[in-house]
Structures are given as C-alpha cells and as structure tokens.
Amino acid sequence: MRICRFNEDRLGVVAGDDVVDVSAALAALPQLSWPLVPGDHLIRNFAGLRGAIAQAMTTGPRYPLSSVRLLSPVANASKVIAAPVNYALHLAEARADAGVNFGSDIKTIDHYGLFLKSSTSVVGAGEGIVLPDLERRIDHEVEVVAVIGKECWQVSERDALDYVFGYCIGLDMSVRGTEDRSWRKSYDSFTVLGPYLVTADEVADPGNLDLSLAVNGTQRQSSNTRALIFSIPKLIAYASAGYRLYPGDVIMTGTPEGVGPVVDGDLVTSSVTGLGTMQVRVVSSRKRSAA
C-alpha cells in the first residue's frame, strides 16, 4: 500500500496516478489520552485500520496525484535518526571537497555513529525546501528512508526488518560548516519525506534499490543501496542498541556521492526504485517571508 498525507491533513492511498481520500477510516483510531505515547498514532494502529481503509477506498473521492499538495507521510516522528557518510564514494568526495569538509578530517560511520535531526525539520514534497538566510553552501542529499512500525529496543540485525513499517524517499538538506551535524541539518524543511510511504510488504529487497537525484533536470546523484556501508538492518540494530524506537521513527540511511549545492528556484527531483519520484521546489526564506 502507498500511503500519503495531503492537502489539509487528509489521509490518502495512492492508486496509480490518483489519490483516494480514505480519511473516513481515521474515525476507527483509538482515542488518545494524556500523556501521549511517543510515536505516530496512525502507524502504531495501522494494522487495525486496514478494514476501514479498504472500505473507504470504495467510497472516498479520487484526485489526480499531481493535483494535491503532499505533506510528510509521517506526521509524528519521535526521532529522526541519520547515518553520516554511509556510502564509500560519498566518503571519498567529502574528503576531497573542501566545500564539504571545511578542513576537517572526515571519518567513517564507525567513528561517528548516528546522529539525531530535529523532528520539526520534517516536511513533505509539496511544502518545499526553505533556505535559511545564511551565506553558506547548502547541499542536497538523497536517501532511502526506513520508517519504524513497532516499538522496539535492542533489536538484532537478523530481525531488524520485521520492525519496519515502510519506506520512502528522503532529502537530508545540509548547511556546510564546522558545527555539529545535528545543528546544520535540522533547519525547518531540511528533512523532506515522500512522495508517499510504501509499506514494507511492497519492497522485496531494501538492500537493492536504485536511487538518484537531479537538479533542474541535470543528474547529480545515482547509486544503489547495495553500496551502503551499514545496511538498513545493521542501521536499525545499531540505532536500537541506544534508542528505544517507536512507530513512525525515521531512519535516514545515508547519501551516495554527487552531493551539491541548491539555490532559490531550483527543482530537486529524486527517484528510488519502487518508492516513486519526488519533486521538491527550493525557495529562499526571504522570498517565503515576503509572500
């Protein structure tokens, strides 16, 4: 199933080139009470909603996918977990490019471990990337994203994929500089997820997905998740050794070589095998404020 959140927080299922509005199924969600359990309420209870979603598919209005404003398919991630330099060729380019490394000795993921991004940085394809008012290079980084479906802790690598709800495309936007990654990559709109969330049963092998990114039609990044240094199961096991993972937690798996800057007006197009194609417009914060 391909799940999206669109327009004014409507729940949709993508069917071909259309979106079916299945928001009526949300009435079957359990009532919330304080204190709220961490994580995404929809993803936590999705198994119990399948019947209601199937019913809503028969009666819900349809819209062309191209006509709706896509929000992040994950509404309430308790954590956005990211993997630094997790492709060998990206490690090599980071070491070679002073615009990326700022004179620092770039090490491997084994050295850095994982890092957290602010959950407020999460947006959808239709919301766009807003560049902060900085005299800095700001780069695109396309990634495959795994979204956790069940609460877990200290999961083995062998069992890790059993805890994945689904996958989507991610953009990990990065201000280049000497500050910690969790600061430079956490500006609002710097974690773009979409275009929709594909449930894990539709992804036969997350370890063999082609991913690519183009800016204004010119390809910059192209690789396959076979080239990951830490595989997706290893990342989940590694993350869960330290963090308790909750439904809706986002795991950004790392970006391949070809990262580069974006500027106001750019159109970033990302594609991943089986996960769709996501187009995101870049706008400056000055222009957004003026509008």
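First, a word on what this report is: a plain description of the structure on this page. All of these numbers come straight from a predicted model, not from anything done at the bench.

1. Some thoughts on the overall build of the chain
- Regarding its fold elements, the chain presents eight helices and 20 strands.
- Over its C-alpha atoms the chain spans a radius of gyration of 18 Å, differing by no more than 12% from the 19 Å that the globule rule assigns to 291 residues.
- Per-residue burial over the chain gives 52% buried out of 291 residues.
- Considering only intrachain contacts with a sequence separation of at least 6, the fraction spanning at least 24 residues in the chain is 76%.
- Entry remark: accessible area of the chain is about 12700 Å², with carbon and sulfur atoms responsible for 50%.
- Charge separation in the chain, taken as the distance between the mean sites of 27 positive and 32 negative side-chain charges, equals 2 Å.

2. Brief notes about the packing of aromatic side chains
- Counted by the stated rule, this structure contains five aromatic pairs.
- With a centroid separation of 5.1 Å and 80° between ring planes, the pair formed by Phe 46 and Phe 165 is classed as edge-to-face. In this pair, Phe 46 is assigned in helix α2 (residues 46–59) and Phe 165 in strand β12 (residues 164–172), connecting sequence segments 119 residues apart. Taken as a pair, Phe 46 and Phe 165 share a single burial class, namely buried.
- Aromatic pair Tyr 187 and Phe 190: ring centres 5.4 Å apart, planes at 45°, arrangement tilted.
- Taken together, the ring pairs connect Trp 183, Tyr 187 and Phe 190 into an aromatic cluster.

3. A short note on unusual backbone geometry
- In this structure, Pro 35 follows Trp 34 across a cis peptide bond, with omega equal to -5°.
- Secondary-structure assignment places Pro 35 in the loop between β3 (18–21) and α1 (41–44).
- Here the amide bond leading from Gly 194 into Pro 195 is cis, since omega sits at -5°, within 30 degrees of zero.
- Turning to its location among the elements, Pro 195 is positioned in strand β14 (residues 191–199).
- The phi torsion at Asp 9 lies on the positive side, around 55°, for a residue other than glycine.
- On the secondary structure map, Asp 9 appears in the loop between β1 (2–6) and β2 (10–15).
- Not every positive phi belongs to a glycine, and Ser 189 is a case in point at roughly 80°.
- On the secondary structure map, Ser 189 appears in the loop between α6 (181–184) and β14.

4. A closer look at the pairing of β3
- By the bridge criterion, four bridges tie β2 to β3 in an arrangement that is antiparallel. Each residue of the ladder has a partner; that of Val 14, found in β3, is Val 19.
- Taken together, β2 and the strand that follows it, β3, pair antiparallel across an intervening segment of two residues, in which Gly 16 is found at a positive phi of about 65°.
- With three bridges connecting them, β3 and strand β4 (residues 62–64) associate as antiparallel partners. Looking across to β4, one finds that Val 20 is bridged to Arg 62.

5. A look at the nonpolar core
- The biggest cluster of nonpolar side chains holds 53 residues, and the ones touching the most others in it are Ile 129, Leu 171, Ile 236 and Leu 275.
- What Leu 275 contacts, discounting residues up to four positions off in sequence, is Val 144, Tyr 167, Cys 168, Ile 169, Pro 195, Tyr 196, Val 198, Val 203 and Leu 209.

6. Remarks on the environment of Lys 107
- Tracing the backbone shows Lys 107 in the loop between α4 (98–101) and α5 (109–112).
- On the basis of relative accessibility, which here comes to 30%, the residue Lys 107 falls in the partly exposed class.
- The sequence separation of Lys 107 and Gln 55 amounts to 52 residues, and the corresponding C-alpha distance is 51 Å.

7. Considerations on the environment of Gln 219
- Position of Gln 219 relative to the elements: it lies in strand β16 (residues 218–224).
- Among the residues examined, Gln 219 registers a relative accessible area of 54% and is labelled exposed.
- Sequence separation between Gln 219 and Asp 105 is 114 residues, and the spatial gap between their C-alpha atoms is 28 Å.
- With near-sequence residues (within four places) excluded, Gln 219 lies in contact with Ser 212, Leu 213 and Ala 214.

8. Observations concerning empty space enclosed by the protein
- Enumeration over the complete set of coordinates arrives at one cavity of 30 Å³ or more.
- Taken as a whole, the largest cavity encloses approximately 30 Å³ of empty space.
- Residues that form the lining of the largest cavity fall into these classes: six nonpolar, no polar and no charged.

The rules behind the values
Residues numbered from 1 in each chain as written. Predicted model: local features only at pLDDT ≥ 70, side-chain atom pairs only at ≥ 80, totals over all residues. Heavy atoms only, no water. Helix = DSSP H or I, 4+ residues; strand = E, 2+ residues; numbered from the N terminus. Rg over C-alpha atoms; globule rule 2.2 N^0.38 Å. Buried < 20%, exposed > 50% of the residue type's maximum accessible area, 1.4 Å probe, protein only. Contact = heavy atoms within 4.5 Å. Areas by Shrake-Rupley, 256 points an atom, 1.4 Å probe, with all protein chains shown as cover. Lys, Arg positive; Asp, Glu negative; His and termini not counted. Charge placed at Lys NZ, Arg CZ, Asp CG, Glu CD. Phe/Tyr/Trp six-rings, centres within 6.5 Å; stacked < 30°, edge-to-face > 60°. Pairing = 2+ DSSP bridges. Core = buried A, V, L, I, M, F, W, Y, C linked by side-chain atoms within 4.5 Å. 1 Å grid on protein atoms, 1.4 Å probe; cavity = no way out; pocket = protein on both sides within 12 Å on 5 of 7 lines; lining within 4 Å. Points joined across faces, edges and corners; volume = space filled by probe spheres on them. Nonpolar A, V, L, I, M, F, W, Y, C, P; charged D, E, K, R; others polar.

Geometric values such as these leave the question of function open.
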